[in-house]
Amino acid sequence: MTEGRPSDIRILVSGGSGRLASVLSLVGGDRVQALSRAELDISDAFAFQAALARLQPDVVINAAAISALEACERAPERAHAVNALAPGHIAHACSEAGTPFIHLSTDYVFGAPTDRPWRETDPVSPVNLYGELKADAERQVLAAGGDICIARVAWLFGDGKDFIAHLLRTQDDVVRVASDQIGSPTPIFPLAERLLSLAEHMAAKETVPRLLHLAGSPAVSRADWVATAFDALRRAGRRAPELVRVPMSDLGSSVIRPHYSALDSSLAAGLFGRELDWRISAMQAATFTDRRLSE
Ligand SMILES: NC(=O)c1ccc[n+]([C@@H]2O[C@H](COP(=O)([O-])OP(=O)(O)OC[C@H]3O[C@@H](n4cnc5c(N)ncnc54)[C@H](OP(=O)(O)O)[C@@H]3O)[C@@H](O)[C@H]2O)c1
């Protein structure tokens, strides 16, 4: 499967003002029509059907979600409508229209104790409401039939709106980061290339996996991920905050996060010919963000 092959397909992306949809627009150019929540509220099933009938896209990508864990806990009914029910409605509408559908899911569908990255074949085990709702959505999308791909992604970075960018933006001298949370940082631009490539293949009626882990590798703790980016900054002669490693329980969050949600993306590595190594992109992303902050 090749990334970024040119074509003239039209891809409808929901959640248009969000992080991933914005990068999909940047990378996909004219191929992508990204609609913001104001333009298309995915919790309104009729509005989605009308948009599908009007725009007749070759592929739909659902990048809309209430992605902040705390926001889900604060407004559980709205989160249920957007994160769990809407993907099912979209999948049904796409299935009826014969339109291929890519749904974005998350590493947070996992959370049970484990000692190896989660595979597509592993049962889900969410530990918070966001993870439960996203797991619910996956079941509904799979049940809807049609030409679907559920792409699980994780810890997106590289757009200047990620966790490391947030730490740099606070301009604190010392930052405290969890050393007991293991995951899969995923460079957002290469991810967008892969999603667009999947869309091309689905539009061409080629078979793709119905469930696919599209995350970076290797698995790493949040603290080691940040340390790698900060070290890269220092090597580039720039200043980086002091990193203090703490357990998640010291960070005072109201929401439980999984200790281990790293995804095994070897199926995708086989399809695309290589892994998404977050270490290469982490250095580029940190220096890019730091340069923008000092402008
Ligand atoms: N970011 C990560 O690290 C990460 C990790 C794992 C999985 N994911 C998944 O990847 C996908 C994209 O995430 P992201 O980081 O791009 O999220 P994001 O930046 O929060 O964007 C989500 C977008 O969805 C929109 N939205 C919310 N409710 C909507 C509705 N009812 N109808 C239409 N749009 C609505 C939001 O609009 P408003 O802002 O106007 O509400 C926002 O623009 C999501 O499925 C997320 O669960 C992300």
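For the structure itself, consult the block above.
Draft legend 1. The arrangement of the overall build of the protein chain in detail. Regarding its fold elements, the protein chain presents ten helices and twelve strands. Against the globule reference of 19 Å for 295 residues, the protein chain gives a C-alpha radius of gyration of 19 Å, in line with a compact fold. Seen along its three principal axes, the alpha-carbon backbone of the protein chain occupies a region of about 55 × 40 × 35 Å. Out of the 295 residues belonging to the protein chain, those deemed buried represent 45%.

Draft legend 2. Quick peek at the nonpolar core. Residues L24, I61, L195 and A199 are the most contacted members of the largest nonpolar core, which totals 85 residues. Considering each element in turn, this core owes the most residues, nine residues, to helix α7 (residues 188-203). Those residues within four positions of A199 in sequence are excluded, and the remaining contacts are I9, I11, V59, I61 and I102.

Draft legend 3. Structural detail: the site of the ligand. Near the ligand lie 25 residues; those nearest to it are G15, G18, L20, A64 and T106. Of all the secondary structure elements, the ones that give two or more residues to the shell around the ligand are α1 (19-28) and β4 (101-106). Per-element accounting of the shell around the ligand gives the leading share, three residues, to α1. Here the residues of the shell around the ligand are counted per class, giving 14 nonpolar, seven polar and four charged.

Draft legend 4. The sheet that holds strand β2 (residues 32-35), seen in detail. With respect to topology, six strands assemble into an open sheet ordered β2-β1-β3-β4-β5-β10, the strand pairing being parallel. Of all strands in the sheet, those bounded by a partner on one side alone are β2 and β10 (211-213). Between one strand and the next, the sheet's axes are offset by a mean angle of 20 degrees, whatever the strand orientation. With three bridges connecting them, strand β3 (residues 59-62) and β4 associate as parallel partners. Paired with V60 across the bridge in β4 is F101. Helix-sheet contacts for helix α4 (residues 76-97) involve β3, β4 and β5 (148-153), and the interaxial angle to β4 is about 160 degrees.

Draft legend 5. Quick look at the environment of R139. Tracing the chain through its elements places R139 in helix α5 (residues 129-143). With 52 residues separating them along the chain, R139 and P87 place their C-alpha atoms 9.8 Å apart.

Draft legend 6. Inspection of α7 at higher detail. Under the 1.5 Å per step criterion, the end-to-end length of α7 is 22 Å for 16 residues, consistent within 8% with the ideal 22 Å. The element α7 is largely enclosed, with a buried count of twelve among its 16 residues. Taken as a whole, α7 has its buried residues at I188, P190, L191, A192, R194, L195, L196, L198, A199, E200, M202 and A203. Looking one or two residues beyond α7, the residue adopting positive phi is K205, at roughly 65 degrees.

Draft legend 7. Summary view of the packing of α4 against α5. Between α4 and α5, the least distance of the axes is 8 Å, while the angle of their chain directions is 20 degrees. Classified by the angle their axes make, α4 and α5 are roughly parallel. Once α4 is placed against α5, the crossing between them reads as right-handed. On the side of α4, the interface is formed by P76, A79, H80, N83, A84, P87, G88 and A91, while α5 contributes L129, L133, K134, D136, A137, Q140 and V141. Broken down by class, the residue content of the contact of α4 with α5 amounts to nine nonpolar, four polar and two charged.

Draft legend 8. Molecular detail of the pairing of β4. Burial analysis of β4 places six of its six residues in the buried class, the great majority of the element. Burial along β4 is two-sided: F101, H103 and S105 facing one way and I102, L104 and T106 facing the other are all buried. Summarising the sheet, β4 and β5 pair through six bridges and their orientation is parallel. From the neighbouring strand, S105 faces β5, where its bridge partner is R152.

Draft legend 9. Summary view of the environment of S265. Inspection of the secondary structure assignment puts S265 in the loop between β12 (242-246) and α9 (266-272). Here S265 falls in the buried class, since 28 other C-beta atoms lie within 10 Å of it. As for S265 and A215, which are separated by 50 residues in sequence, their C-alpha atoms are 6.0 Å apart. Contact partners of S265, with chain neighbours within four places excluded, come to H213, L214, A215, S217, E275 and L276.

Quick notes on the rules
- Counting from 1, residues in each chain are numbered in the order their sequence is written.
- Only residues with pLDDT of at least 70 get local features here, since the model is predicted, and only at 80 or more are side-chain atom pairs given and counted; chain-wide, interface and lining totals rely on the full set of residues.
- Counting from the N terminus, the helices are DSSP H or I runs at least four residues long and the strands are E runs at least two residues long.
- Here the radius of gyration uses the C-alpha set of atoms, whereas the globule reference equals 2.2 Å times the residue count to the power 0.38.
- A residue is called partly exposed when the number of other C-beta atoms within 10 Å of its own lies between 12 and 20, exposed at 12 or fewer, and buried at 20 or more, with C-beta atoms placed from the backbone.
- What makes a nonpolar core is a set of buried Ala, Val, Leu, Ile, Met, Phe, Trp, Tyr and Cys residues, with links drawn between C-beta atoms within 7 Å.
- A pair of residues counts as a contact when their C-beta atoms, built from backbone coordinates, are separated by no more than 7 Å.
- Here, nearness is defined through the C-beta atom: a residue counts as near a molecule or strand if that backbone-placed atom lies within 6 Å of it.
- In the scheme used here, Gly and all other residues not listed as nonpolar or charged are polar, with Ala, Val, Leu, Ile, Met, Phe, Trp, Tyr, Cys and Pro taken as nonpolar and Asp, Glu, Lys and Arg as charged.
- DSSP bridges decide pairing: two strands pair if at least two such bridges lie between them.
- Under this scheme, a helix contributes an axis fitted over its contacting stretch, all axes are lines through C-alpha atoms, and angles between N-to-C directions fall in the 0 to 180 degree range.
- By this rule the span expected of a helix is its residue count minus one, scaled by 1.5 Å.
- For this classification, under 35 degrees means roughly parallel, over 145 means roughly antiparallel, 65 to 115 means roughly perpendicular, and everything else is oblique.
- Here a crossing is taken to be left-handed if its near helix is turned anticlockwise relative to the far helix by less than a right angle, and right-handed if that turn runs clockwise.

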